[in-house]
Amino acid sequence: MQERFCDMLRGLFSQENSSSSRALTYRIRTYGCQLNESDSEKMAGIFEKMGLAEDESDKPGVLLLNTCAIRENAEDRLFGNLGFWKTLKTDNPDMLIVLCGCMTKLNEDLMRIKRSFSYVDIVFGPQDIHRLPEYLYRRLSTGEKIIRVSDDDYMPDDYDLPASRKRKFRALVPIMYGCDNFCTYCVVPYTRGRERSRDFGKIIEQLRELSTSGFREVMLLGQNVNSYGRNVAGSPDFPDLLERISGLNLFSRVRFMTSHPKDLSNRLIDIIAENPCIERHLHLPFQSGSNDILRRMNRGYTRERYLETALRFRESVPEGTISTDIIVGFPGETENDFTDTLNLMNEVRFDSAFTFIYSRRPGTVAADMSDAVPEEIVAERFSRLLELQNSHCLESNRSVIGSTQEVLIEGTSHTNDTVFTGRTSSNRLVNFTIPDGTMIDSEPIRLDSDTGNRIEGRFASIRLLKAKTFSIEGRLENFTDGR
Ligand code: SF4
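The structure reproduced in this document is the subject of the present report.

What counts, and at which threshold
- Position numbers for residues start from 1 in each chain and track the written sequence from start to end.
- Only residues with pLDDT of at least 70 are given local features in this predicted model, and only at 80 or more are side-chain atom pairs given and counted; all residues enter the totals for whole chains, interfaces and linings.
- Heavy atoms throughout the structure, all of them, feed into the side-chain values; hydrogens and water do not.
- Here the axes come from fitting lines to C-alpha atoms, over the contacting stretch only for helices, and the angles between their N-to-C directions go from 0 to 180 degrees.
- The helix count covers DSSP runs of H or I at least four residues long, the strand count covers runs of E at least two residues long, and both are numbered beginning at the N terminus.
- Here roughly perpendicular refers to angles of 65 to 115 degrees, roughly parallel to angles under 35, roughly antiparallel to angles over 145, and oblique to all remaining angles.
- Residue contacts are counted whenever heavy atoms from the two residues lie within 4.5 Å of one another.
- Only a single heavy atom is needed: when it lies within 4 Å of a molecule or strand, its residue is near that molecule or strand.
- When residue character is reported, Ala, Val, Leu, Ile, Met, Phe, Trp, Tyr, Cys and Pro are called nonpolar, Asp, Glu, Lys and Arg charged, and the others, Gly included, polar.
- We define the nonpolar core as a collection of buried residues of types Ala, Val, Leu, Ile, Met, Phe, Trp, Tyr and Cys that are connected through side-chain atoms lying within 4.5 Å of one another.
- Partly exposed residues are those whose accessible area sits between 20% and 50% of the maximum for their type, while under 20% is buried and over 50% is exposed, using a 1.4 Å probe and protein chains only.
- With the far helix as reference, a near helix turned anticlockwise by less than a right angle produces a left-handed crossing, and one turned clockwise produces a right-handed crossing.
- Pairs were defined over the aromatic rings of Phe, Tyr and Trp, the Trp ring being its six-membered one, requiring ring centres within 6.5 Å. Orientation was assigned from the angle between planes: stacked under 30 degrees, edge-to-face over 60, tilted for the rest.
- Charge-over-ring placement is defined geometrically: NZ (Lys) or CZ (Arg) within 6 Å of the ring centre, and within 35 degrees of the ring normal.
- Two strands pair if DSSP finds at least two bridges between them.
- A clockwise path from the first strand over the helix to the second, with the strands pointing away from the viewer, defines a right-handed crossover.
- For this document, the term salt bridge refers to a Lys or Arg side-chain nitrogen within 4 Å of an Asp or Glu carboxyl oxygen.

### Focus on the packing of helix 8 (residues 238–248) against helix 9 (residues 266–274)
Piece 1. Close contact between helix 8 and helix 9 brings their axes to 9 Å; oriented N to C, the two are set at 10°. In terms of their interaxial angle, helix 8 and helix 9 are classed as roughly parallel. Note on element contacts: helix 9 touches helix 8 through Arg267, Leu268 and Ile271, opposite Phe238, Pro239, Asp240, Leu242 and Glu243.

Set out below in structure tokens:
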């Protein structure tokens, strides 16, 4: 960890305290996936190490935007927000704007940032987050703008980066970085580099520390967790890792994402079935139900192989749920291809799904495919797909109404602070009320605007009363210990 630069920055901040209007605060805006969120937690930890405090206002001393390039709309949102921050910087010229994340690795985006957003002070890539103190120090001590985007095969374990974790209940733990699959529509192999698995022993050591510090749930992260250890001679694989974590009984819940159908083994499904602490849920993107489209996407499996895996999970973990990712409108997609997608959805009946319209990504193989599907056809197919998927979501939630299930409480619902929210071990979202007089730690619970904060990370038995498409309404019966 760049201790030296952190020390020099602390010195520099104390010197400029009288002369600069810059607050000793930071604000991070994270776009995209949980791997980005995990990177942001590390950068928050680094900022706090150099003496800055978090500040959600519009006048932070340092604003960091951790970007995502997975789809065009993520980029458009960032460029839109950059315009907003420009006005704020005009009122607060000492504020520093820092840009990092996957967009910085795409040439078109980097050129645009250099050309049109000259008020951005520092730009670095997803493989450079450990250099944040150095770049901040150089920007402040020399006044020069910093644009440094490397292709290093960076591994955070090599830098012992502190993390300022956002959630009290769930710890995000990347087990690997990068991807070697080169699906033809995806930029991740170009933005996050080649697959690198973290050392097995270091992961276990970190999990022990997180468990000791009170985390009840861990989310193991990777672009393709099923290939964990594949590129390290003699390394245990992902089923080994899950089996070891379960055996150590460190957490009430062990979650993981993202899986890849071509690498997901029957042994993994057996280990999930045998270990109740592993979530009763599988996120398994299928993208398309057509073998021709799967070939053009370079996904590396057939619809038959996918169905075999999904149905084997349903059989082995009957109370489990399956979510997926689906792309509509991939170049060359015919009505028959789309029908194959709908048919596969009817066979698996996904409990939830992330649905996307194909987004052309510069530099990918698919970007040069000529046979684009007309927008109006894509839009019509997308609405048929949503209608079908929403009916499956509702059907799935209806299937558990009347049961009582244990929920890990995540806090207060976004829309009503007398309603609380959490997830079952099968990843169902539950919004629930707490009857007056409910006991917690042998005391009647105090229901006020801060209750959600106080019970975040606790477990409770919830009676499931009413199904909605994307959530379930319930009533708390009693608090539990989650073991
Ligand atoms: S598996 Fe495919 S879609 Fe997933 S990150 Fe890798 S290249 Fe992208």
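More follows now that the structure is in view.
### Here we look at the site of the ligand
Piece 1. Inspection of the region around the ligand gives Cys179, Asn181, Phe182, Cys183, Tyr185, Cys186, Val188, Pro189, Gln223, His260 and Arg299 as its neighbouring residues.
Piece 2. Of the residues belonging to the shell around the ligand, the class tally is seven nonpolar, three polar and one charged.

### Some remarks on the nonpolar core
Piece 1. Counting 53 residues, the largest nonpolar core has Leu207, Leu220 and Phe238 as the members making the most contacts within it.
Piece 2. Filtering out sequence-adjacent residues up to four positions away, Leu220 remains in contact with Val173, Ile175, Leu207, Val225, Phe238, Leu242, Ile245, Val254, Arg255, Phe256 and Met257.
Piece 3. One finds Leu9, Ile28, Met43 and Leu140 within the second-largest nonpolar core, a separate group that totals 27 residues.

### A look at the packing of helix 7 (residues 200–212) against helix 8
Piece 1. Here helix 7 crosses helix 8 at 30°, and the two axes come no closer than 11 Å. Between helix 7 and helix 8, the angle is such that the two are roughly parallel. Judged by the sense of rotation from one axis to the other, the crossing of helix 7 with helix 8 is right-handed. Listed contacts from helix 8 to Phe200, Ile203, Ile204, Leu207 and Arg208 of helix 7 are Asp240, Leu241, Arg244, Ile245 and Leu248.
Piece 2. Residue composition of the contact of helix 7 with helix 8, grouped by class: seven nonpolar, no polar and three charged.

### Topic: the packing of aromatic side chains
Piece 1. Evaluated as defined, the whole model comprises 15 aromatic pairs.
Piece 2. Where Tyr306 meets Phe350, the ring centres are 6.3 Å apart and the plane angle is 55°; that geometry is what we call tilted. Of this pair, Tyr306 sits in helix 11 (residues 303–316) while Phe350 is found in the loop between helix 12 (335–348) and strand 14 (352–357), placing the two residues 44 residues apart along the sequence. Residue Tyr306 shares its accessibility class with Phe350, and that shared class is buried.
Piece 3. Each member of the aromatic cluster is reached from another via a ring pair, and the members are Phe286, Tyr301, Tyr306 and Phe350.
Piece 4. One Lys or Arg, Arg4, reaches over the ring of Phe5 and ends 4.5 Å from the middle of that ring.
Piece 5. The ring of Phe356 is capped by Arg71, whose NZ or CZ atom sits 3.7 Å from the centre of that ring.

### Points about the pairing of strand 14
Piece 1. Note: strand 13 (residues 321–328) against strand 14, six bridges, orientation parallel. What sits directly across from Asp325, in strand 14, is Phe354.
Piece 2. With helix 12 bridging strand 13 and the parallel strand 14, this β-α-β connection has right-handed handedness.

### Here's the deal with the pattern of salt bridges
Piece 1. Within this structure, the stated rule accounts for 44 salt bridges.
Piece 2. For the salt bridge of Asp121 with Arg139, the shortest nitrogen-to-oxygen distance reads 2.9 Å. Here Asp121 is found in the loop between helix 4 (107–116) and strand 5 (122–124), whereas its partner Arg139 is found in helix 5 (residues 132–142), with 18 residues between them in sequence.
Piece 3. Linked through salt bridges whose partners overlap, the residues forming this network are Arg170, Glu217, Arg253, Arg255, Glu279, Glu410 and Arg423.

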